[in-house]
Amino acid sequence: MRAKLLFLLMTPVAGAFAVEDGALYRSVEEQNKTLVALRSQLDMDFYANKEENTLPNPEVGFVYQWGANGVPDDKIGLEVSQQLEWATILGKKKAVSSEKNAIGLLQYEQSRREILLKTNRLCVELLYNKMAEEQMNKRIDWAKQISDALEKQMNRGESTSLDYTKSKLVVLEHNSALKNLLMERESLLSELTTLNGGVLPDLSGISLPEDFSVLAFDSLYEEKKKSAPALMIAQQEVKLSEKEYKLARSTMAPDLNVGYSGEWVGEESMQGMSVGIALPLWANKNKVKAARSSRVVASARFDEAENQYRTELKSLYDRLAMQNELMKSYQNEIDSYQGNDLLTKALQGGQITMVDYLNEQLEFMDVLDSKLEVEKEFYLLLAELYWY
């Protein structure tokens, strides 16, 4: 079964351009060098965030003092202490660490979508490159037939060498265009190979959709904003600022320092517990103010991100709708066009020359080229709208 290019905005989990079982996307995600590096970076950041969520290391001190000036016994001392931070004990640091990890995952998802969108766009470009190549090969065969016919007419004295030369130029131009298409295809394949970690994926199953549905904009926006990485990151940063504010407030409480202390001098010994506090008189006095301001900034950035996302999504949506109407218009005009039959009859009836026939057909072929470009742009916008 051939894979289909899907655009199912009513079910956002589906891809705008899919290979059966998601094979192409899985391959790119697993092998793309950027994503591999980002996954390693993500692991490193997770460990770094976890490291911040620990108590300070315990301190151990050992004292040995030998007797002098007639003091017969040496003195031995042992001290063990641990600083207890309320921010760690109450889980405030852990909450901040969790929010940072969530933002890291969302940033990875954002990069992943950008790379898969590039993959999607390259596949669309490759499909239309293939269509243009097939169309150009038909043109070349047709142009050669016209050129051969004009050569015979020239030999019979029914047309001029100028007409024949023009037909040869048309064949030359079409061959040149075909070479450009083949070079473009190699460039696209090279880009796709790079995205897939240096390995060209199997593209035999990709195709365009036969039909799809698009929600009304308001419904589309409500669906897409639930999983849009840009919005989710901004929202998560609001949550992070809240956690950091609570963390900053917790640092205003004095930290405890508890420990054990012992001394041994000859037969005598003294042992006991030690307790101390660290008063936050200078070190943390501006942290709460800064964290409070950070909350306001994060909330404003989220509002800005939400407004920007809606505006850009609406622009994409409107462009797609206009491109869809233009695509339908081209298709309707081409379907209703009967010039080929009329031109053939006029040529056979001697009403037009072979050169006139050539020129008219070239104009119609230009329309077919324009239709392909309009369709390609439509599917590129479709992919961008899905992944956005």
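Colleague: What exactly am I supposed to notice about the overall build of the chain here?
Modeller: Regarding its fold elements, the chain presents 10 helices and 4 strands. Put simply, the chain runs from its N terminus to its C terminus through helices and strands in the order α-α-β-β-α-α-α-α-α-β-β-α-α-α. Here the C-alpha atoms of the chain give a radius of gyration of 37 Å, more than 25% beyond the 21 Å that 2.2 N^0.38 yields for 388 residues. Across its three principal axes, the chain shows a C-alpha extent of roughly 140 × 45 × 40 Å. Residue burial in the chain is summarised as follows: out of 388 residues, 37% are buried. Intrachain contacts of the chain at a sequence separation of at least 6 include 78% that bridge at least 24 residues. Side chains of the chain give 45 positive and 59 negative charges; the mean places of these two sets differ by 3 Å.

Colleague: Teacher, can you tell me more about the packing of helix 4 (residues 92–155) against helix 10 (residues 354–387) here?
Modeller: Relative orientation of the contacting elements helix 4 and helix 10 amounts to 175 degrees, with a least axis distance of 9 Å. Classified by the interaxial angle, the pair formed by helix 4 and helix 10 is roughly antiparallel. Of the residues assigned to the contact of helix 4 with helix 10, the class counts are 22 nonpolar, 4 polar and 9 charged.

Colleague: Explain the sheet that holds strand 2 (residues 75–84) here, please?
Modeller: To summarise the sheet geometry, strands pair through backbone hydrogen bonds and adopt either a parallel or an antiparallel arrangement. With antiparallel pairing, the 4 strands of this open sheet are ordered in space as 1-2-3-4. If you trace the sheet from one side to the other, it starts and ends with strand 1 (59–65) and strand 4 (268–278), each paired once. The sheet shows a mean angle of 15 degrees between the axes of neighbouring strands, taken without regard to direction.

Colleague: Can you walk me through helix 1 (residues 23–31) in this structure?
Modeller: Think of an α-helix as 3.6 residues a turn; residues three or four steps apart then line up on the same face. Looking at helix 1, one finds that the buried residues are Leu24, Tyr25, Ser27 and Val28. Angularly, the buried residues of helix 1 cover 160 degrees about the axis, an arc narrow enough to put them on a single face. The inward-facing, buried residues of helix 1 contact helix 2 (33–51), helix 4, helix 5 (161–195) and helix 10.

Colleague: Looking at this structure, how should I read the pairing of strand 2?
Modeller: The side chains of a regular strand alternate between the sheet's two faces. Bridge count for strand 1 against strand 2 is 7 bridges, and the pairing is antiparallel. When the bridges of strand 2 are listed, Tyr64 appears paired with Ile76.

Colleague: I keep staring at the nonpolar core and nothing clicks. Help me out?
Modeller: In globular proteins that are soluble, nonpolar side chains generally tend to be buried together. Core analysis: the largest hydrophobic core is formed by 53 residues, its most contacted members being Leu203, Tyr379 and Leu385. Every element with two or more residues in this core is listed here: helix 1, helix 2, helix 4, helix 5, helix 6 (217–224), helix 7 (229–250), helix 8 (287–336) and helix 10. Among the elements that line this core, the one with the most residues is helix 4, at 13 residues.

Colleague: What should I look at first to understand the packing of aromatic side chains in this one?
Modeller: Any pair of aromatic rings gets described here by the distance separating the centres and the angle formed by the planes. Within the structure shown, the criterion is met by 8 aromatic pairs. A ring pair is formed by Phe217 and Tyr317, whose centres lie 5.5 Å apart and whose planes are at 65 degrees; its orientation type is edge-to-face. Of the two residues, Phe217 is situated in helix 6 and Tyr317 in helix 8; the sequence distance between them amounts to 100 residues. Since its relative accessible area comes to 10%, Phe217 is described here as buried.

Colleague: Just checking my understanding: could you explain the packing of helix 4 against helix 5 for this structure?
Modeller: Angle between the axes and distance between the axes: these two values describe a pair of packed helices. Two numbers describe how helix 4 lies on helix 5: the axes approach to 8 Å, and their chain directions differ by 160 degrees. Classified by the angle between their axes, helix 4 and helix 5 sit roughly antiparallel to one another. For the crossing formed where helix 4 meets helix 5, the hand is left-handed. Class assignment for the residues of the contact of helix 4 with helix 5 results in 20 nonpolar, 8 polar and 12 charged.

Colleague: Mind showing me how you'd approach the pairing of strand 3 (residues 255–265) here?
Modeller: Examined bridge by bridge, strand 2 and strand 3 share 10 bridges and lie antiparallel to one another. Looking at the pairing, Glu79 lines up with Ser261 of strand 3. Strand direction decides the pairing type here: strand 3 and strand 4, joined by 11 bridges, are antiparallel. Bridging across to strand 4, Trp264 finds its partner in Ser269. Linking strand 3 to strand 4, which pair antiparallel, is a turn of 2 residues; within it Gly266 sits at a positive phi near 60 degrees.

Colleague: In this structure, what is going on with the layout of surface pockets? I would like to understand it.
Modeller: Left-over empty space is what a probe sized like a water molecule reveals as it rolls over the atoms. One number sums up the size of the largest pocket: a volume of about 440 Å³. Forming the walls of the largest pocket are 20 residues, and the residues nearest its centre are Ala87, Lys93, Leu247, Thr251 and Lys287. Of all elements in the fold, only helix 4 and helix 7 reach the threshold of two or more residues within the lining of the largest pocket. Per-element tally for the lining of the largest pocket: the top contributor is helix 4, with 4 residues. Residue composition of the lining of the largest pocket, grouped by class: 10 nonpolar, 3 polar and 7 charged.

Colleague: I tried to follow the pattern of salt bridges on my own but got confused; where do I start?
Modeller: Between side chains of opposite charge, a pair can form as their charged atoms come close. Here the structure, examined in full by the defined rule, presents 16 salt bridges. Here Glu109 ties to Arg112 by a salt bridge, and the two come within 3.0 Å at their closest N and O atoms. Here Glu109 and its partner Arg112 are both found in helix 4, 3 residues apart, which amounts to about one turn of the helix. Since its relative accessible area comes to 22%, Glu109 is described here as partly exposed. A cluster of three or more residues bridged by salt bridges with shared partners is formed by Glu29, Glu109, Arg112 and Arg113.

Colleague: Can you help me understand the environment of Ala143 in this one?
Modeller: Relative to the elements of secondary structure, Ala143 occurs in helix 4. Along the backbone, Ala143 and Tyr47 are 96 residues apart, and their C-alpha atoms lie at a distance of 66 Å. In this structure, Ala143 is in contact with Val170, Val171 and His174, ignoring residues within four places of it in sequence.

Conventions and cut-offs
Residues numbered from 1 in each chain as written. Predicted model: local features only at pLDDT ≥ 70, side-chain atom pairs only at ≥ 80, totals over all residues. Heavy atoms only, no water. Helix = DSSP H or I, 4+ residues; strand = E, 2+ residues; numbered from the N terminus. Rg over C-alpha atoms; globule rule 2.2 N^0.38 Å. Buried < 20%, exposed > 50% of the residue type's maximum accessible area, 1.4 Å probe, protein only. Contact = heavy atoms within 4.5 Å. Lys, Arg positive; Asp, Glu negative; His and termini not counted. Charge placed at Lys NZ, Arg CZ, Asp CG, Glu CD. Axes fitted to C-alpha atoms, helices over the stretch in contact; angles between N-to-C directions. Parallel < 35°, antiparallel > 145°, perpendicular 65-115°, else oblique. Nonpolar A, V, L, I, M, F, W, Y, C, P; charged D, E, K, R; others polar. Pairing = 2+ DSSP bridges. Arc of directions from axis to C-beta. Core = buried A, V, L, I, M, F, W, Y, C linked by side-chain atoms within 4.5 Å. Phe/Tyr/Trp six-rings, centres within 6.5 Å; stacked < 30°, edge-to-face > 60°. Left-handed = near helix turned anticlockwise from the far one by under 90°. 1 Å grid on protein atoms, 1.4 Å probe; cavity = no way out; pocket = protein on both sides within 12 Å on 5 of 7 lines; lining within 4 Å. Points joined across faces, edges and corners; volume = space filled by probe spheres on them. Salt bridge = Lys/Arg side-chain N within 4 Å of Asp/Glu carboxyl O.

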